[in-house]
Structure formats: C-alpha cells, structure tokens
Amino acid sequence: MWRNGWQPADVVRIAARRLTDWHGRAAADLIAWEMRAYASATVDERRRDQLAGLEAAVWWKGGYLV
C-alpha cells in the first residue's frame, strides 16, 4: 500500500470504516510497530506526523500484536 501512495491515516480510516474502531486503532499501532524498522530520518515527515496524531504506540511485548 505504501508504494501506491497510501498514508497511515488512510489505512486507519479504511480499517475503522470497513470493520470497527478497534481495527482502526490496531492498524495504527501495527504501523507504528512496522516503522521501528526504519531510521527516523528515512521516514517521510508526514507519516511521522500522522502516527503522532493517531497516538499510535507499540504497547505489547514481543513481535506481533496478539
């Protein structure tokens, strides 16, 4: 999706609209988890700003949201 121009807010909005608000929150948090693999300087500022605005956070232990 990222290669096609989707932004984090797009993914969260679609997940919440098609499923539930919980799914939207989970999508935001999973995107935050994925972003940890990239140096901050290599991530577009808009993505970082959107994740901050969404209050996305990695709150679980381990590799994947369970």
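A few points on the structure.

Parameters at a glance
Residues numbered from 1 in each chain as written. Predicted model: local features only at pLDDT ≥ 70, side-chain atom pairs only at ≥ 80, totals over all residues. Heavy atoms only, no water. Helix = DSSP H or I, 4+ residues; strand = E, 2+ residues; numbered from the N terminus. Buried < 20%, exposed > 50% of the residue type's maximum accessible area, 1.4 Å probe, protein only. Lys, Arg positive; Asp, Glu negative; His and termini not counted. Salt bridge = Lys/Arg side-chain N within 4 Å of Asp/Glu carboxyl O. Contact = heavy atoms within 4.5 Å. Arc of directions from axis to C-beta.

Further remarks concern the side chain of Arg47. The residue Arg47 is located in helix 3 (residues 45–53) in this model. Here Arg47 occupies a buried position and makes no salt bridge, while the nearest side chain of opposite charge, Asp44, is found at 5.9 Å. With near-sequence residues (within four places) excluded, Arg47 lies in contact with Trp2, Trp6, Gln7 and Pro8.

So, about helix 1 (residues 8–18). Looking at helix 1, one finds that the buried residues are Pro8, Val11, Val12 and Ala15. Relative to the axis of helix 1, the buried residues are bounded by an arc of 95° and lie together on one face. Those residues of helix 1 that are exposed and aimed more than 90 degrees away from the buried face are Arg17 and Arg18. Residues of helix 1 that are buried make contact with helix 2 (21–35) and helix 3.

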